[in-house]
Each structure stands twice: as C-alpha cells, then as structure tokens.
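The lines below spell out each chain.
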Amino acid sequence: ALRAQVQAAMLTENAAERLDSLRKALQGMDRMSHLVGQLLTLARLDELSASTHLEPVDLAAVTRECCAELGPDALAKNIELELDGEDAAPISGSPDLLHVLVRNLLDNAIRYTPEGGHIVVTILALKNSAYQLEVCDSGPGVPDEQLAQLGQRFSRFNPTLAEGVGLGLSIALRIAEIHRARMVFSRATTAGGLRVSAEFPPLPH
C-alpha cells in the first residue's frame with residue numbers, strides 16, 4: 001500500500017493528487033511504526049514472567065501521569081476525561097510496565113469514544129488491601145458474546161471507528177498477567193461503552 005501511494009505521487013503531475021498520495025503514505029508509515037512498536041513490546045513481554053522483579057509502586061500516581069499525557073488527545077475529541085478514587089494505591093509492580101498498561105487502556109478508550117463522549121478512570125481500594133483500576137468509556141462497547149475475545153492479538157471489533165492494530169488490549173492483558181492481576185472486560189453500566197477493570201494483589205508483607 002505504501003509503495004502504491006508513493007508510485008502514484010511520482011506518476012501524477014497534479015499537485016493536489018501528489019500531496020494526497022504523500023499524505024496517505026505518511027499515514028501508512030505511522031500505522032506501520034505503531035504496529036512495529038506494539039509487536040516489539042509484545043515480544044519483550046513474552047520473555048517476562050510473574051517472577052520478574054517487581055517493586056513498590058503507586059498505581060494512582062502512574063494513572064495520574066498517564067491521564068496527563070493523554071489529556072490533549074481527549075481534548076482534541078472534546079472527550080471529558082475524569083479521574084476518580086484513591087489518591088494513593090501502593091502495589092507491587094514495574095513502574096514502566098504499569099505505565100504501558102494504563103496508557104494502552106486510556107488510548108483504547110479515547111480511540112473508540114466518539115466526540116463529546118466521557119471516560120471515567122477510577123482507582124478503587126478493595127477490602128483485602130488490593131487495588132482495582134477501572135476504565136469506563138461511553139463508546140459503542142462490545143457485544144456481550146464477544147467480550148471473552150477481547151485481549152486476543154489483532155482482534156478489532158469496530159475497525160471502522162478507529163485506527164489501530166488490535167494489540168493494545170493484548171499488551172495490557174499480558175502486563176496484568178505478569179503482575180498477577182485479574183483483568184475483566186464488561187459493559188459499562190452507566191456510560192454504556194466498554195468497562196475494563198484490573199484487580200492488583202496487595203503488597204506482600
């Protein structure tokens with residue numbers, strides 16, 4: 001596809017058509033770059049296990065940082081991004097991997113939430129000193145019969161609504177496994193879109 005667009009730009013003498021072909025080629029390169037980055041991340045994660053060195057980390061602080069990073073993307077679509085819940089959530093984890101997990105969940109929610117939508121990110125303290133991260137959006141959601149397939153590599157159920165390669169949730173799910181966290185996909189009861197929750201075990205004593 002990239003080669004075809006570049007060839008079209010080379011063959012045409014119309015400036016507008018040339019710019020359009022080059023624009024499409026750049027978009028294609030951006031998608032390829034994103035795909036390669038996601039594949040490299042998965043390859044690295046596949047080499048890791050639950051025995052990977054984990055350290056005390058504040059899940060709430062990581063989540064705030066990710067919300068700040070992706071806030072401009074939400075604003076560009078006039079999406080209200082709300083962060084609620086605990087101010088601190090100490091768990092055992094990898095700060096870098098948790099950053100990737102939260103960022104991927106937020107990126108997925110922003111991609112599939114329509115303009116003027118709403119995303120709620122919540123950090124919940126559970127009774128057993130564990131913490132739960134929850135991301136709910138007002139997007140189209142996923143049919144109940146297909147929820148179990150979320151997280152499978154290259155699975156995309158609404159490819160016409162947003163660009164992507166179907167690896168973001170797979171990466172988040174793999175990182176959750178490394179952290180012995182339980183990730184569940186369901187329908188958001190209030191917003192009506194997708195609800196993703198990840199329950200992390202308490203810090204070891």
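Structure first, text after, so check above.
Summarised in this report is the structure supplied together with it. (Residues numbered from 1 in each chain as written. Predicted model: local features only at pLDDT ≥ 70, side-chain atom pairs only at ≥ 80, totals over all residues. Heavy atoms only, no water.)

According to the stated counting rule, one finds 6 salt bridges in the structure shown. Between Lys24 and Asp20 there is a salt bridge, with the nearest N and O atoms lying 3.3 Å from each other. On the criterion of helical spacing, the pair formed by Lys24 and Asp20 is a turn pair, its members being 4 residues apart in helix 2 (residues 15-46). The class of Asp20 is partly exposed, set by a relative accessible area of 29%. A salt bridge links Arg174 to Glu177; the shortest N-O distance between them is 3.3 Å. Taken together, the residues span about one helical turn, with Arg174 and Glu177 both in helix 5 (residues 168-178) at a distance of 3 residues. (Salt bridge = Lys/Arg side-chain N within 4 Å of Asp/Glu carboxyl O. Helix = DSSP H or I, 4+ residues; strand = E, 2+ residues; numbered from the N terminus. Buried < 20%, exposed > 50% of the residue type's maximum accessible area, 1.4 Å probe, protein only.)

This part is about helix 4 (residues 95-112). An α-helix turns once per 3.6 residues; consequently, residues spaced three or four apart project the same way. Under the 1.5 Å per step criterion, the end-to-end length of helix 4 is 26 Å for 18 residues, consistent within 8% with the ideal 26 Å. Along helix 4, the positions that sit buried rather than exposed are Leu97, Leu98, His99, Leu101, Val102, Asn104, Leu105, Leu106, Asn108, Ala109, Ile110 and Tyr112. (Expected span 1.5 Å × (residues − 1).)

You can see Ile79 is positioned in the loop between helix 3 (59-76) and strand 2 (80-85). Spatially, the C-alpha atom of Ile79 lies 7.8 Å from that of Pro114, the residues being 35 residues apart in sequence. Setting aside residues no more than four positions away along its own chain, Ile79 makes contact with Ala74, Ile110, Thr113, Pro114, Gly116, Gly117, His118 and Ile119. (Contact = heavy atoms within 4.5 Å.)

Let's shift gears to the state of the cysteines. Following the criterion strictly, the structure yields 0 disulfides and no others. Of the cysteine sulfurs around Cys67, a residue in no disulfide, the closest is that of Cys66, at 7.1 Å. (Disulfide = S-S within 2.5 Å.)

Further remarks concern the sheet that holds strand 4 (residues 118-125). Across the sheet, which stays open at both edges, the 5 strands sit in the order 2-4-5-7-6 with mixed pairing between neighbours. Every other strand in the sheet has two partners, leaving strand 2 and strand 6 (182-187) as the edge strands with one partner each. On average, each strand axis in the sheet is inclined to that of its neighbour by 15 degrees, with strand direction left out of account. Pairing of strand 6 with strand 7 (residues 194-200) involves 6 bridges; the strand directions are antiparallel. The residue bridging Val184 from the neighbouring strand is Ser197, located in strand 7. Of the strands in this sheet, strand 2, strand 4, strand 5 (131-137) and strand 7 are in contact with helix 3, which crosses strand 2 at around 170 degrees. (Pairing = 2+ DSSP bridges. Axes fitted to C-alpha atoms, helices over the stretch in contact; angles between N-to-C directions.)

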